[in-house]
Amino acid sequence: MFLFIIRRLFFAVVLLLAVSIFTYFIFAMLPADPAALTCGKNCKPDIIAANRIRLGYDKSLIEQYWLFLKGIFVGRDYGTGAAAFSCSAPSLGYSFGQHDCVTTLIAKTFPVTAYLSIGAFILWMVLGISLGSLAALKKGKWQDRLATGFSAVGVSLPTFYIGLLVLFSVVIWLQLLPFPSYESPFDNPGKFLTTMILPWLVLAVLSAASYTRLTRNGMLEAMNEDFVRLGVAKGLTQRVILRKYVMRQALVPIVTIAGLDFAGLLGGAIITESVFSLPGMGKMSIRAVVDSDLPVLVGTTMVAAVFIVLANVVVDIAYGFLDPRVRVK
């Protein structure tokens, strides 16, 4: 198992390096001139040229990428003399639009995205697996039809539609909750909960729909396997069969999709954060697109890639525990 984990970590590092190369070069080759965007529309050519040198855009793409990669480990310095400044490691560049290091901007917005992701993840896992298990155990009955209908409706509706509908009905029409205004849970826990409860529920309900269907199908397939029949013949109780055999096999595809979904949310829940005005990474990414803030786009893309690759590693390791045949392969 140790060698299995080492192999997965090695391939993860190689994949992250490849992602960083493609991400940096794709954004660097866009027609926008980052130096021209540093001082507005009325910027003089000499100021643009000075900013290009100051931010390192006068160098070749390979040199720029090397400085970017080096900055992740040792930090990066910009400019010379009295106008010099630096971004400490891990440096993902400097935002000329917001006049701050990209790592600092991500550090400010990431907790909001993390709170949103963790709360929604817990809710949708509990709701999805519970409804899926109930539907499998009550196959053909009204509980099964209700869970199947919930799954079909949830998969069909887009996030922005449900978010706006909930925001209008609960906040504006019924006035059960105040309009979302984010505050840290350490500063104002009550306002934090009233702000996050709706985004959590929206993401949980929509994501739990697919988990309900996946859990139901996985459990029904596992309950028709020969080892389950053998367990019944040996006199094992239903609880033992479900816990030790059925759920273990049904969890394998769920682990895959759960890891990737959670990593995608940590990379920035763009639509949900925009609908509920949450100052997270997703909202910052939209602002970077509008302002053509390329360093922020590269930084947020890299952070999202890191979470997705790490999620794949965790999924592979979890596979190794759930199914020993994976370790052999």
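See the structure above.
Residues numbered from 1 in each chain as written. Predicted model: local features only at pLDDT ≥ 70, side-chain atom pairs only at ≥ 80, totals over all residues. Heavy atoms only, no water.

### Overview of the packing of aromatic side chains
Then comes step 1: Applying the stated criterion across every chain yields a total of 16 aromatic pairs.
Then comes step 2: Residues Phe25 and Tyr65 carry aromatic rings whose centres are separated by 5.8 Å and whose planes lie at 45° to one another, so their mutual orientation is tilted. Here Tyr65 lies in helix α3 (residues 61-74) and Phe25 lies in helix α1 (residues 2-28), a separation of 40 residues in the sequence.
Then comes step 3: Every member of this aromatic cluster is reached through a ring pair, and the members are Tyr24, Phe25, Tyr65 and Phe68. (Phe/Tyr/Trp six-rings, centres within 6.5 Å; stacked < 30°, edge-to-face > 60°. Helix = DSSP H or I, 4+ residues; strand = E, 2+ residues; numbered from the N terminus.)

### Considerations on the environment of Leu220
Then comes step 1: Within the secondary structure layout, Leu220 lies in helix α7 (residues 189-223).
Then comes step 2: Leu220 sits in the buried class, given a relative accessible area of 15%.
Then comes step 3: On a C-alpha basis, the gap between Leu220 and Asp77 in space is 59 Å, while along the polypeptide they are 143 residues apart.
Then comes step 4: Discounting chain neighbours no more than four positions away, the residues touching Leu220 are Ala136 and Lys139. (Buried < 20%, exposed > 50% of the residue type's maximum accessible area, 1.4 Å probe, protein only. Contact = heavy atoms within 4.5 Å.)

### Brief notes about the pattern of salt bridges
Then comes step 1: Applying the stated criterion across every chain, the model contains five salt bridges.
Then comes step 2: Across the salt bridge formed by Arg216 and Asp144, the nearest N and O atoms sit 2.7 Å from each other. With Arg216 in helix α7 and Asp144 in helix α5 (residues 142-156), this residue pair connects regions lying 72 residues apart in the sequence. As far as burial versus exposure is concerned, Arg216 and Asp144 are alike and both buried.
Then comes step 3: One salt bridge in this structure joins Arg287 and Asp291, with 3.6 Å as the shortest N-O distance. Taken as a pair, Arg287 and Asp291 lie in helix α11 (residues 281-291) at a separation of four residues, close to a single helical turn.
Then comes step 4: In this structure Arg287 comes out as partly exposed when scored by relative accessible area, which is 44%.
Then comes step 5: Judged by relative accessible area, which is 41%, Asp291 ranks as partly exposed. (Salt bridge = Lys/Arg side-chain N within 4 Å of Asp/Glu carboxyl O.)

### Comments concerning α3
Then comes step 1: For α3, spanning 14 residues, the distance from its first C-alpha to its last is 20 Å, which sits close to the expected 20 Å at 1.5 Å a residue.
Then comes step 2: Within α3, burial applies to Gln64, Tyr65, Phe68, Leu69 and Gly71. Down the axis, α3 shows its buried residues gathered within 155° of arc, on one side only. Among the exposed residues of α3, those pointing more than 90 degrees away from its buried face are Ile62, Trp66, Phe73 and Val74.
Then comes step 3: Phi turns positive, to about 85°, at Gly75, one or two residues after α3. (Expected span 1.5 Å × (residues − 1). Arc of directions from axis to C-beta.)

### What about the state of the cysteines?
Then comes step 1: Per the counting criterion, the structure on display carries one disulfide.
Then comes step 2: Each sulfur of the disulfide joining Cys87 and Cys101 lies 2.0 Å from the other. Residues Cys87 and Cys101 are joined by a disulfide whose S-S torsion is about -90°; by sign, that bridge is left-handed. Here Cys87 is found in strand β2 (residues 85-87), whereas its partner Cys101 is found in strand β4 (residues 100-101), with 14 residues between them in sequence. Each member of the pair Cys87 and Cys101 is classed as buried. (Disulfide = S-S within 2.5 Å.)

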